[in-house]
Each structure stands twice: as C-alpha cells, then as structure tokens.
Amino acid sequence: MKKLLALACFAGVMSSCGEYYRVQKSQDVAERYSYAKKYYNEKRYARVVTLMEDVIPSLSGSSEGPQSTFLLADSYFHLKRETEAAQYFKTYYTSYPKGDQIEEARYKAGYCNYLASPEARLDQSATVSAIQDLQNYLDYYPQGKYRREVEGMLFQLQDKLAEKELLSAKLYYNLGLYLGNNYQSCVITAQNAIKDYPYSKHKEELMFLVLKAKAEEASLSVEEKQQERVREALDHYYNYLNVYPEGRFAKEATRLHEKMTKILIKE
C-alpha cells in the first residue's frame, strides 16, 4: 500500500513538472499568466518569475498590467531578490498610481532597499535609496498602515549613515598629522554628521571625538596657536558635558580637560 502511495505521489510530481515545462515553452501569454497565478497561490515563486519575466511587457498595457507586475515583484520579494523586487514594485506604483496595492508596493520598494542596505563600512547607495523610498511612503501615507515600521527603518538607516561618518572621522583622527592636519578633517566630518543626524545613537561618540581631536590638535600645536586651540578644546569639553553629564566618555573627557587646563596654567 505504501509503495503504491509513493508511486502515486511520484507520478503526481512528474505530471506537475511536465505541465510546468510545457507551459514554460508556451508562446501563449494568457496561458503562462494563468499558470503563474496558480503557482503564486501555491507559493512556488521561482516558477512565477520564470513564467512572468518574458510576458510582463505584453501585459503592461492591458487590464492585467497592475496585477501581473505586482505578482512578479512580490515573487522576487519572497525569493529574497531585493534588487529586482524593488525595481518591479517601483514600476507598479509609477505605472499604476491608482492600483489596488499601491500602498503596499511603495512600502515594499523601500523595505527591499532597506534589506539590501550593507554594513556601514561599505558603499551606502542602497541605504540612501531606501531612505528616499521610505520617506516617500510617509509623504504619501503619513498615517498609513506601515507607518511605524517605516519610521523604525528610517531611524536605523540614518544611524547607519551616521556610523559611516563616524568611521571616517575616526580614520582622520588616527591619521593625525600625517600629510597634513587630519584632526581638522576629523572635526568637520564629525560635526557634519551631528548636524545631519541629530537623533543618532552615535551622537555622543561623535561629540566626544570632536573634543578628542581638538585636544590632540591643541597639545601638538606650535606656541602661537596653542592657547587659542586649547580654549576651543575646553569649549567642546563643556559642550559635551552639558549634553552628556554622565556620558560613557565623561571620565576620559575630564582627563582631557585636566590636560588642557595644565597647558593654560603653564602658559
């Protein structure tokens, strides 16, 4: 009995495969689309993509254009092919602005780029695209059903861009006076990041890095510039302490304050 059941299952699988391969070779757009919808409902997304990629242009000007485009986009989404999914979700909401799934398409376009966003050390083009798409979603749907998810993703992506700037600022600091005054570049980079991402979780470290770079620059300065730079460093110490009186860099900041004060007293 078990053997007969296994043979029946095998025959069913073979029949399904044979049907799929036959439709795959078919030139009948309607047939391919019909089977693509069937496979989509069965969550066989790889088959959907194979059947739909070639016929989308033929359907784009028809009444089936919106649904077929969303179906293909969502299949790419489930296959974790975020780049292609984002492309077709964008095609959906730009080509069919009155489509039934327009809000979901705008959300998923941004979400796909969010998923494709790399770690902070790498190029952040996908991160910038994700921020633009997610912000566009909020512009169109300020009270949309995905609003909270979108706001959370935006904060995460902005933190990643802030981290990217933090890494650059740290690099400048570590270069020190090599081939120029890199402490100034460190300060500019960190201050721009603070301005651009004022609510980032990296803000405290960026502020401390400004103080640290200013103090190091002052301690290595020639005599005629040292006093002015020491006072600038002290200003940044009080600025840091005012925002983070019990911050995680408070003890190190106090040591820098003592070092700068000794230079002033010495003069």
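Predicted, not measured: the structure shown is a model, and the values here were computed from it. (Residues numbered from 1 in each chain as written. Predicted model: local features only at pLDDT ≥ 70, side-chain atom pairs only at ≥ 80, totals over all residues. Heavy atoms only, no water.)

Trainee: When you look at the overall build of the protein chain in this model, what are you seeing that I'm missing?
Mentor: Along its length, the protein chain carries 13 helices and zero strands. Over its C-alpha atoms the protein chain spans a radius of gyration of 29 Å, topping by over 25% the 18 Å that the globule rule assigns to 267 residues. Of all 267 residues assigned to the protein chain, the portion counted as buried reaches 43%. Pairs at least 24 apart in sequence give 55% of the contacts found in the protein chain among residues at least 6 apart. Here the protein chain displays about 15600 Å² of accessible surface, and carbon together with sulfur accounts for 51% of that area. Taken together, the 37 basic and 36 acidic charged side chains of the protein chain have centroids lying 6 Å from each other. (Helix = DSSP H or I, 4+ residues; strand = E, 2+ residues; numbered from the N terminus. Rg over C-alpha atoms; globule rule 2.2 N^0.38 Å. Buried < 20%, exposed > 50% of the residue type's maximum accessible area, 1.4 Å probe, protein only. Contact = heavy atoms within 4.5 Å. Areas by Shrake-Rupley, 256 points an atom, 1.4 Å probe, with all protein chains shown as cover. Lys, Arg positive; Asp, Glu negative; His and termini not counted. Charge placed at Lys NZ, Arg CZ, Asp CG, Glu CD.)

Trainee: Explain helix α6 (residues 82-95) here, please?
Mentor: Within an α-helix, residues lying three or four positions from one another point in the same direction, as the helix has 3.6 residues per turn. Here α6 is 14 residues long and its end C-alpha atoms lie 20 Å apart, about the 20 Å a rise of 1.5 Å per residue gives. Restricting attention to buried positions, one finds in α6 the residues Ala-85, Ala-86, Tyr-88, Phe-89, Tyr-92 and Tyr-93. Where α6 is buried, its residues meet α4 (56-59), α5 (65-78), α7 (102-116) and α8 (125-140). (Expected span 1.5 Å × (residues − 1).)

Trainee: What exactly am I supposed to notice about unusual backbone geometry here?
Mentor: Outside of glycine, negative phi angles account for most residues, and trans bonds account for most peptide bonds. The backbone of Lys-80 shows a phi angle near 65°, a positive value even though the residue is not glycine. Residue position: Lys-80 is located in the loop between α5 and α6. Look at Lys-80 and you get exposed, because its relative accessible area is 64%.

Trainee: Got a minute to help me understand the environment of Thr-69 in this structure?
Mentor: Its place among the elements puts Thr-69 in helix α5. Sequence-wise, Thr-69 and Ile-56 are 13 residues apart; in three dimensions their C-alpha atoms are separated by 6.9 Å. For Thr-69, the contacting residues outside a window of four places in its chain are Ile-56, Tyr-88, Thr-91, Tyr-92 and Tyr-96.

Trainee: Even after reading the chapter, I still don't get the packing of helix α9 (residues 147-175) against helix α11 (residues 203-219), so can you show me in this structure?
Mentor: With their axes 11 Å apart at the nearest point, α9 and α11 run at an angle of 15° to one another. Put simply, α9 runs roughly parallel to α11. The hand of the α9/α11 crossing is left-handed. Taken together, the residues of α11 that come into contact with α9 (itself represented by Leu-166, Ala-169, Lys-170 and Tyr-173) are Glu-205, Leu-206, Leu-209, Lys-212, Ala-213 and Glu-216. (Axes fitted to C-alpha atoms, helices over the stretch in contact; angles between N-to-C directions. Parallel < 35°, antiparallel > 145°, perpendicular 65-115°, else oblique. Left-handed = near helix turned anticlockwise from the far one by under 90°.)

Trainee: Before we go on, may I ask you to explain the pattern of salt bridges in this structure?
Mentor: Pairing between side chains of opposite charge can happen when the charged atoms of each approach one another. Counted under the stated rule, the structure contains 15 salt bridges. In this structure, Lys-108 engages Asp-74 in a salt bridge whose closest nitrogen and oxygen atoms are separated by 2.7 Å. With a gap of 34 residues between them, Lys-108 in helix α7 and Asp-74 in helix α5 connect regions that are remote in the sequence. Pair check on accessibility: Lys-108 and Asp-74 agree, each one buried. As a salt-bridge pair, Glu-217 and Arg-229 come within 3.8 Å of each other at their nearest N and O atoms. Of the two residues, Glu-217 sits in helix α11 while Arg-229 sits in helix α12 (residues 223-243), which places them 12 residues apart along the sequence. The class of Glu-217 is buried, set by a relative accessible area of 6%. Residues participating in the shared-partner salt-bridge network are Glu-19, Lys-38, Glu-42 and Arg-44. (Salt bridge = Lys/Arg side-chain N within 4 Å of Asp/Glu carboxyl O.)

Trainee: Would you mind going over the side chain of Asp-74 with me for this structure?
Mentor: Take Asp-74: its relative accessible area is 3%, and that puts it in the buried class. Within the local environment of Asp-74, its side chain forms a polar contact with the side chain of Tyr-40, the two groups lying 2.6 Å apart. Non-local contacts of Asp-74, meaning those with residues more than four positions away in its chain, are made with Tyr-40, Phe-89 and Lys-108. (Polar contact = N/O pair within 3.5 Å; in protein donor to acceptor, adjacent residues only side chain to side chain.)

Trainee: What is the right way to look at the packing of aromatic side chains in this model?
Mentor: The geometry of an aromatic ring pair comes down to the distance between the two centres and the angle between the two planes. Counted by the stated rule, this structure contains 22 aromatic pairs. For the pair Tyr-111 and Tyr-114, a centre-to-centre distance of 6.0 Å together with 20° between the ring planes defines the contact as stacked. Here Tyr-111 pairs with Tyr-114, and both are found in helix α7, just three residues apart, close to one helical turn. Ring centres 5.1 Å apart and planes at 65° place the aromatic pair Tyr-237 and Tyr-238 in the edge-to-face group. (Phe/Tyr/Trp six-rings, centres within 6.5 Å; stacked < 30°, edge-to-face > 60°.)

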